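# Coordinates in review
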Amino acid sequence: MKQMKTKRWQLHGLVSPDHPFIREAGALLLQGELIAFPTETVYGLGAIADSGEAVQKIFNVKGRPADNPLIVHLAEIETVATVAEDIPEEAWVLLETFAPGPLTLILKGKSVLSPLVTAGLPSVAVRIPAHPVARSLIASVKKPVAAPSANRSGRPSPTRAEHVLQDLDGRIAGILDAGPTGYGVESTVLDMTVFPYTILRPGAVTLSDLQGALGEGRVRLHRSFDFAPTVQEPERDEAKDTEDTVPRAPGMKYRHYAPDVPLTLWLFNGKTLDSGSYDVRTYLMRLKAAFQTMVAEGVRISFLAYEEDLPILKAALGDTFKTLHVLNVGRRSHPEEVARSLYDVLRSLDPEVTDRAVMLGLREEGLGLAIMNRLRKAASEVIA
Ligand code: AMP
Ligand code: MG
């Protein structure tokens, strides 16, 4: 692929569509170039959404399968009607409540965008990001911007400008660098073309947030989240609820977020170290035995640990603990910390110094459901 010089603009503090860096990046977007920009979730890779040529570049530089559609980013709630039609009244309720913010709505599409954006689907995914740099950039071009996460396909999403450059330096025109992103996991994707409205990808706007806004029976998780042992789901009408009537996000079928080192996700029968009902001693003994076997085989282990677990693990594992390369992912009691650090930690795993990464499960509710969804995709092995 043709190499180019990737410009990096560093932005601090307040920005507006008139900021010289935003204008420069916006002008490049309008010329059909790709610009990476921060959102409150992860860094996005933007192209003008009505230019087929520009949108095609996104698929090329990411190595993204053409059947995986892109999210259309807008600056203002009112402009949703320029790209979607037959918008249900409840979509406006959700937009009033959660936009701008980490919520993507799947709506019936209007044919104003390049068909590449929607991968030929009759629906369109729309989001109004909250990050001031993202909003300023979209406002400055006065057009919808198609943007997936700014990583090579299959890699962990970028939460820092450095991550974007690791994957795409020399392949894109520029990156607006405003430091680390806020949430650290991608937006919640809610399909509003089916009923009950269905969460296709969990994120920071949770099932209970959405049910709180619309009522409990009106929003549910996609059935692929049925493994979630601690999540209470509303009763379903099985007759209406066939796979045919529940389209999945095309992106759900692809491998995602894979680190360079194989990751083992340890669930222990769906229980976690903080679930009171489980015999924590048995849990720790199994963990110690597994680590001892690996260490005896010369496997160098990186252990992605929740902060509160460290004293318990240190005491229980004894000398075995000392052989682990421990990476702190934040407190399990504060899943927002884990979400924010997760992709950075996954990207830091270096096959030169470590053979296997190990992480324990989190409670699959609220933001924990979003984290576990990403971890299940990132893991090469899930021990139930
Ligand atoms: P990304 O932008 O790479 O973080 O992923 C966007 C997600 O939204 C992917 O899982 C897509 O498959 C999904 N998506 C985008 N547009 C649609 C659509 N029209 N219908 C269903 N899912 C969609
Ligand atoms: Mg992505």
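Residues numbered from 1 in each chain as written. Chains lettered and ligands numbered in written order. Predicted model: local features only at pLDDT ≥ 70, side-chain atom pairs only at ≥ 80, totals over all residues. Heavy atoms only, no water.

Definition in use: UniProt positions are given in the numbering used here, feature names are shortened, and annotations may be inferred rather than shown by experiment.
Looking up the protein in an unreviewed UniProt entry gives the name Threonylcarbamoyl-AMP synthase, with the organism given as Candidatus Carbonibacillus altaicus. According to the UniProt record, the Catalytic activity (unreviewed entry) comment for the protein is "L-threonine + hydrogencarbonate + ATP = L-threonylcarbamoyladenylate + diphosphate + H2O".

## Here's the deal with the sheet that holds strand β17 (residues 381-383)
To keep things clear, this is the line we draw: In this scheme, strands are said to pair when DSSP sees at least two bridges between them. Working definition: helices are DSSP H or I runs of at least four residues, strands are E runs of at least two. Numbering for both runs from the N terminus. Here an angle of 0 to 180 degrees is reported between the N-to-C directions of two axes, which are lines fitted to C-alpha atoms, with helices fitted over the stretch in contact. Should any heavy atoms of two residues lie within 4.5 Å, those residues are considered in contact.
Read from one edge to the other, the open sheet built from five strands follows the order β15-β14-β16-β13-β17, with strand pairing classed as parallel. At either margin of the open sheet sits one strand with a lone partner, and together these are β15 (325-328) and β17. Each strand axis lies, on average, 20° off the axis of its neighbour in the sheet, ignoring direction. With four bridges connecting them, strand β13 (residues 263-266) and strand β16 (residues 356-360) associate as parallel partners. Within β16, the position partnered with Trp-266 by the bridge is Leu-360. The sheet strands contacting helix α11 (residues 335-348) are β13, β14 (301-305), β15 and β16, and the helix crosses β15 at an angle near 145°.

## Section: unusual backbone geometry
Keep this limit in mind: Remark: exposure states derive from per-residue accessible area (1.4 Å probe, protein chains only) relative to the maximum for the residue type, with buried under 20%, exposed over 50%, and partly exposed in between.
A cis amide bond links Ala-99 to the next residue, Pro-100, at an omega of -5°. Tracing the backbone through its elements, the reader meets Pro-100 in the loop between α4 (89-98) and β6 (103-109). Cis rather than trans, the peptide bond between Phe-195 and Pro-196 has omega equal to -5°. Inspection of the secondary structure puts Pro-196 in the loop between β10 (188-191) and β11 (197-201). At Asp-86, a position not held by glycine, the phi torsion is positive, near 50°. Within the secondary structure layout, Asp-86 lies in the loop between β5 (84-85) and α4. Among the residues examined, Asp-86 registers a relative accessible area of 59% and is labelled exposed. Phi is positive for Ala-119, close to 55°, though the residue is something other than glycine. Along the chain, Ala-119 falls in the loop between β6 and β7 (123-127).

## Quick look at the nonpolar core
Short version of the rule: Residue types Ala, Val, Leu, Ile, Met, Phe, Trp, Tyr and Cys, when buried and joined through side-chain atoms within 4.5 Å, form a set referred to as a nonpolar core.
Counting residues in each nonpolar core, the largest one holds 52 residues, and the members touching the most others are Leu-105 and Leu-190. Sequence-distant contacts of Leu-190, defined by excluding residues within four places in its chain, comprise Leu-94, Leu-103, Thr-104, Leu-105, Ile-106, Tyr-197, Thr-198, Ile-199, Leu-210 and Val-219. Tyr-283, Leu-342, Leu-346 and Ala-378 belong to the second largest nonpolar core, which has 47 residues in total.

## Structural notes on the pattern of salt bridges
This is how the line gets drawn: Any Lys or Arg side-chain nitrogen found within 4 Å of a carboxyl oxygen on Asp or Glu counts as a salt bridge.
Per the counting criterion, the structure on display carries 21 salt bridges. Salt-bridge contacts for Asp-50 lead to Lys-143; the nearest nitrogen and oxygen are separated by 3.0 Å. Of this pair, Asp-50 sits in the loop between β3 (43-48) and α2 (52-62) while Lys-143 sits in the loop between α5 (132-141) and β8 (145-146); the two residues are 93 residues apart in sequence, bridging distant segments of the chain. Accessibility expressed as a relative area gives 39% for Asp-50, which makes it partly exposed. Judged by relative accessible area, which is 31%, Lys-143 ranks as partly exposed. For Glu-364, the salt bridge goes to Arg-376, with nearest N and O atoms at 3.1 Å. Linking Glu-364 in the loop between β16 and α12 (367-378) with Arg-376 in helix α12, this pair joins segments that are 12 residues apart in sequence. On the basis of relative accessible area, Glu-364 is assigned to the buried category, the value being 3%. Taken together, the salt bridges that share partners define one network made up of Arg-155, Asp-167, Asp-260 and Arg-347.

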